[in-house]
Amino acid sequence: MQLTGAITEPLLKGTTSIRLRQGGKTPEPIVAIANREGEFLDVDVKNFPLSLLNISPAANLGFTKALKGEVTGKALVNLFTFATTAKVQVIKPSVGYIDGEAITADFAYSPE
């Protein structure tokens, strides 16, 4: 998918940053930082609890409880093609009765 015309022009001008922080006085606050420069969005997330999303990815298999764990990672996303490279770690992942210590993944997506 390509964005064209008048929609893309404002996205290419300047740099935009978004910084979110929750629990600043806690030992491990949730932090999300996104910096856009031109057509790229650089995202950095720390200690994001998956339970906030309330996703049950395996409900049809009988795992009705929401996905749990804390996500930390970085991603670089092309805003026009959605091509993405990322490195993500989930600490204490859990779905249903299945628990883990950690999951780490490097991945890339290219629409071509």
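For the structure itself, look to the data block above.
Residues numbered from 1 in each chain as written. Predicted model: local features only at pLDDT ≥ 70, side-chain atom pairs only at ≥ 80, totals over all residues. Heavy atoms only, no water.

Peer 1: Help me understand the overall build of the protein, please; the structure alone is not making it clear to me.
Peer 2: Counting its secondary structure elements, the protein contains one helix and seven strands. In sequence order, the secondary structure elements of the protein are arranged as α-β-β-β-β-β-β-β. Here the protein, with 112 residues, has 28% of them falling under the buried criterion. Intrachain contacts of the protein at a sequence separation of at least 6 include 36% that bridge at least 24 residues. When the accessible surface of the protein is split by element, carbon and sulfur atoms take 60% of a total near 8,000 Å². (Helix = DSSP H or I, 4+ residues; strand = E, 2+ residues; numbered from the N terminus. Buried < 20%, exposed > 50% of the residue type's maximum accessible area, 1.4 Å probe, protein only. Contact = heavy atoms within 4.5 Å. Areas by Shrake-Rupley, 256 points an atom, 1.4 Å probe, with all protein chains shown as cover.)

Peer 1: Which parts of the structure should I look at to understand the side chain of Thr84?
Peer 2: Within the fold, Thr84 resides in strand E5 (residues 84-95). Of the polar contacts made by the side chain of Thr84, one reaches the backbone oxygen of Phe82; its length is 2.9 Å. With residues up to four places along the chain from it excluded, the contact list for Thr84 reads Ala75, Leu76, Val77, Phe107, Ala108 and Tyr109. (Polar contact = N/O pair within 3.5 Å; in protein donor to acceptor, adjacent residues only side chain to side chain.)

Peer 1: Would you mind showing me how to read the pairing of strand E4 (residues 68-78) here?
Peer 2: Every regular strand shows the same layout, with side chains that alternate between the two sheet faces. Direction of pairing for strand E3 (residues 40-49) relative to E4: antiparallel, over a ladder of eight bridges. The residue bridging Asp44 from the neighbouring strand is Lys74, located in E4. Summarising the sheet, E4 and E5 pair through nine bridges and their orientation is antiparallel. Bridge pairing in E5 places Glu70 opposite Ile91. Following E4, the chain reverses through five residues before pairing antiparallel with E5; Phe82 in that reversal takes a positive phi of roughly 65°. (Pairing = 2+ DSSP bridges.)

So far we have only geometry, and geometry alone does not tell us how the molecule works.
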